[in-house]
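What follows is the residue order along each chain.
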Amino acid sequence: MKKISVIYWSGTGHTEKMAQALVEGIEKEGSEAKLLQVSGASLDDVKNADAVAFGCPAMGAEELEEEEMRPFIDQSKEVIRGKKTLLFGSYEWAEGQWMKDWAEEMKEAGADLLEAEGFIAYDDPDEDALDDLRMLGKDLARA
Ligand SMILES: Cc1cc2nc3c(=O)[nH]c(=O)nc-3n(C[C@H](O)[C@H](O)[C@H](O)COP(=O)(O)O)c2cc1C
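Asks: I'd like a description of helix H1 (residues 14-28), backed by residues and values.
Replies: With 15 residues, H1 extends 22 Å from end C-alpha to end C-alpha; this agrees with the ideal 21 Å at 1.5 Å per step. Of the surrounding elements, those touching the buried residues of H1 are strand S1 (3-8), strand S2 (32-37), strand S3 (51-55), strand S4 (84-91), strand S6 (119-122) and helix H5 (127-142). Phi turns positive one or two residues past the end of H1, at Gly 30, with a value near 85°.

Shown next, in the form of structure tokens:
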């Protein structure tokens, strides 16, 4: 049974819903999901997991949330090499450039990305997006 950490930041709950759908998929596949807000996560949650999913909406000007998520991702990049990783998050104002940049950055750090450009959902994720995330959770558990 795989242990998968799902670590996220969410201001208004959209990315949190995405994280919960991922967890549903992971558990459906018989794996163990640890769902954590980034404020309560430690580097061990990344290091000791078989796979990891990071969630963060587009913030700033196409950036990660800077107080909690950015520093956590900077630390995680030091232990992410070779690890199966899924990036996800919600956006509203633009077209997802923050995720493209984030995926590129994680790839450079050596992460083994499940989705080459991450998975993004517009605003409050609809059922289609949540279903896609349940599938991705299963894929992550199988990977
Ligand atoms: C301070 C702030 C900055 C934002 N910057 C962007 C942005 O650069 N690009 C974008 O597409 N959406 C931007 N948004 C919109 C959020 O990404 C969007 O509302 C998202 O659904 C929030 O997800 P959450 O509920 O998980 O916090 C911003 C929102 C806030 C509050």
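Asks: Break down the site of the ligand for me, citing the residues and quoting the values.
Replies: In the region of the ligand, 18 residues are neighbours, and Ser 10, Thr 12, Ala 58, Glu 62 and Ser 90 sit closest. Taking Ser 90, its side chain carries an N or O atom lying 2.6 Å from an oxygen atom of the ligand. When the ligand sits alone it has 640 Å² of accessible area, and the protein chains cover 81% of it. When atoms are counted within 2 Å of each cavity's grid points, the one that captures over half of the ligand is the largest pocket. Looking at the shell around the ligand, the elements that each hand over two or more residues are H1 and S4. A class-by-class count of the residues in the shell around the ligand yields seven nonpolar, eight polar and three charged.

Asks: So what about the nonpolar core? Which residues, and what values?
Replies: Membership of the largest hydrophobic core comes to 24 residues, with the highest contact counts inside it found for Ile 7, Phe 54, Met 69, Ile 80, Leu 87, Trp 102 and Met 106. With five residues, the top contributor of residues to this core is helix H4 (residues 97-108). For Ile 7, the residues in contact, after removing those within four places along its chain, are Leu 36, Val 38, Ala 41, Asp 45, Val 46, Val 52, Ala 53, Phe 54, Gly 55, Met 69 and Phe 72. Core analysis: the next-biggest nonpolar cluster, separate from the first, contains 22 residues, Met 18, Ala 19, Leu 22 and Val 23 among them.

Asks: Tell me about the packing of aromatic side chains, and please be specific about residues and values.
Replies: Taken as a whole, this structure holds three aromatic pairs when the rule is applied. Judged by centre distance (6.1 Å) and plane angle (40°), the ring pair of Tyr 91 and Trp 98 falls under tilted. Considered together, Tyr 91 and Trp 98 belong to a single accessibility category, that of buried residues. Pairwise contacts between aromatic rings join Tyr 91, Trp 98 and Tyr 122 into one cluster.

Parameters and conventions
Residues numbered from 1 in each chain as written. Predicted model: local features only at pLDDT ≥ 70, side-chain atom pairs only at ≥ 80, totals over all residues. Heavy atoms only, no water. Helix = DSSP H or I, 4+ residues; strand = E, 2+ residues; numbered from the N terminus. Expected span 1.5 Å × (residues − 1). Contact = heavy atoms within 4.5 Å. Near = heavy atom within 4 Å. Polar contact = N/O pair within 3.5 Å; in protein donor to acceptor, adjacent residues only side chain to side chain. Areas by Shrake-Rupley, 256 points an atom, 1.4 Å probe, with all protein chains shown as cover. 1 Å grid on protein atoms, 1.4 Å probe; cavity = no way out; pocket = protein on both sides within 12 Å on 5 of 7 lines; lining within 4 Å. Sits in = over half its atoms within 2 Å of the grid points. Nonpolar A, V, L, I, M, F, W, Y, C, P; charged D, E, K, R; others polar. Core = buried A, V, L, I, M, F, W, Y, C linked by side-chain atoms within 4.5 Å. Buried < 20%, exposed > 50% of the residue type's maximum accessible area, 1.4 Å probe, protein only. Phe/Tyr/Trp six-rings, centres within 6.5 Å; stacked < 30°, edge-to-face > 60°.

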